[in-house]
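# Fold and contact review
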Amino acid sequence: MAARAAVASFLPANNAARPRVRAQIHPAALAIVDAIESIPEGYDEYGVPAWRGLSNDAWRKLALRGDELDRIVAVCRTHFPTACALLLKVRSKRSGGLIPFIFNCSQVVVWNRVAERIRADQTLFAAILKARQLGISTMVLAWEWWNLWRLQDSEVLMVGNRVKLVESFIDTMRRFHEELPPIDGIKPKLRNQTSDGGRVPKHEIYYADRRTKGVTVVSKNVETRGLYPPNQHYSE
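We now turn to the structure provided with this report. (Residues numbered from 1 in each chain as written. Predicted model: local features only at pLDDT ≥ 70, side-chain atom pairs only at ≥ 80, totals over all residues. Heavy atoms only, no water.)

To continue, consider the overall build of the chain. Each helix and strand counted, the chain has 8 helices and 6 strands in total. Reading the helices (α) and strands (β) of the chain from amino to carboxyl end gives α-α-α-α-α-β-β-α-α-β-α-β-β-β. By residue count, 42% of the 236 residues in the chain fall in the buried class. Looking at the chain alone, contacts between residues at least 24 apart form 65% of all its contacts between residues at least 6 apart. Roughly 13,200 Å² of accessible area belongs to the chain as shown, and the carbon and sulfur atoms make up 52% of that amount. (Helix = DSSP H or I, 4+ residues; strand = E, 2+ residues; numbered from the N terminus. Buried < 20%, exposed > 50% of the residue type's maximum accessible area, 1.4 Å probe, protein only. Contact = heavy atoms within 4.5 Å. Areas by Shrake-Rupley, 256 points an atom, 1.4 Å probe, with all protein chains shown as cover.)

Printed below as a string of structure tokens:
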């Protein structure tokens, strides 16, 4: 308890240096959302965003405003940071609960580098040598999920050096999928979709309505011949 209190007393001084929550969301989407449910700025005493995501009631209201929902979906399909903030949930190491995927400082640095290459129309190849627990793996998995969500006939190959590691990739994508609002146009249909929703299996995620697939493999079992997925992720 004393250690937690010490951490809590230290964090508020750092909160001013954290990325602005609202700045991650594209202005076109932010204007629509703000008219329904305001997104607060700032962080709590443990460094967790004060905003805990759009409520189910807000999504229901958006679903009734078809044109506005369509515009938000269109922004999310082209603006990765907005899709992360509005659609994806990640597990907070500080609070233990699920929170919107608001980038931390390290993730902002990586995204800015990626965005530079995208604007320059350069092939996206990134070798990230990083300390642990900065959230970079989560960001890479969000990027890969985003491409499965927004594209047709696309594929992601995720390679790790251990079974538990590659299973963690799918665990994260499963959380992304399960926490999506259950609204047509946002939550895709799985290969094993049933009347009660279906579940992402252990080693792959496949969206039947988009024909997109994310598969995992342990590095010692990789057979590279004939494998040319547009998105590839190697981790250890």
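Continuing now.
Let's shift gears to the sheet that holds strand E3 (residues 155-160). Reading across the sheet, the 4 strands line up as E4-E5-E3-E6 and stay open at both edges, with mixed pairing between neighbours. Edge strands, defined here as strands with exactly one partner in the open sheet, are strand E4 (204-207) and strand E6 (231-235). Going across the sheet, the axis of each strand differs from the next one's by a mean of 10°, ignoring polarity. Strand direction decides the pairing type here: E3 and strand E5 (residues 212-218), joined by 6 bridges, are parallel. When the bridges of E5 are listed, Gly 160 appears paired with Val 218. Together, E3, E4, E5 and E6 form the strand contacts of helix H7 (residues 136-150), whose direction differs from that of E6 by roughly 155°. Lying on the sheet, helix H8 (residues 163-178) is in contact with E3, E4, E5 and E6; it crosses E3 at an angle near 140°. (Pairing = 2+ DSSP bridges. Axes fitted to C-alpha atoms, helices over the stretch in contact; angles between N-to-C directions.)

So, about the packing of aromatic side chains. The tally for this structure, following the rule as stated, stands at 9 aromatic pairs. Here Phe 80 and Trp 143 contribute two aromatic rings whose centre-to-centre distance is 5.3 Å and whose plane-to-plane angle is 75°, an arrangement assigned as edge-to-face. Taken together, the residues span a long stretch of sequence, with Phe 80 in helix H5 (residues 80-87) and Trp 143 in helix H7 at a distance of 63 residues. One exposure class covers both Phe 80 and Trp 143, and it is buried. Judged by centre distance (5.8 Å) and plane angle (15°), the rings of Trp 145 and Trp 149 are stacked. One end of the pair is Trp 145 and the other is Trp 149, both in helix H7 and 4 residues apart, which spans about a single turn. Given the relative accessible area of 0%, Trp 145 is considered buried. Exposure remark for Trp 149: the relative accessible area of 0% places this residue in the buried category. An aromatic cluster of three or more residues is present, and its members are Phe 80, Phe 101, Phe 103, Trp 111, Trp 143 and Trp 146. The ring centre of Trp 149 lies 4.8 Å from the NZ or CZ of Arg 77, which sits over that ring. It is Arg 150 that lies over the ring of Trp 146; its NZ or CZ is 3.9 Å from the centre. (Phe/Tyr/Trp six-rings, centres within 6.5 Å; stacked < 30°, edge-to-face > 60°. Lys NZ or Arg CZ within 6 Å of the ring centre and 35° of its normal.)

Attention now moves to the environment of Arg 174. Checked against the element boundaries, Arg 174 lands in helix H8. The spacing of Arg 174 and Trp 145 is 29 residues in sequence and 9.7 Å in space, taken between C-alpha atoms.

Keep in mind these values describe shape, not function.
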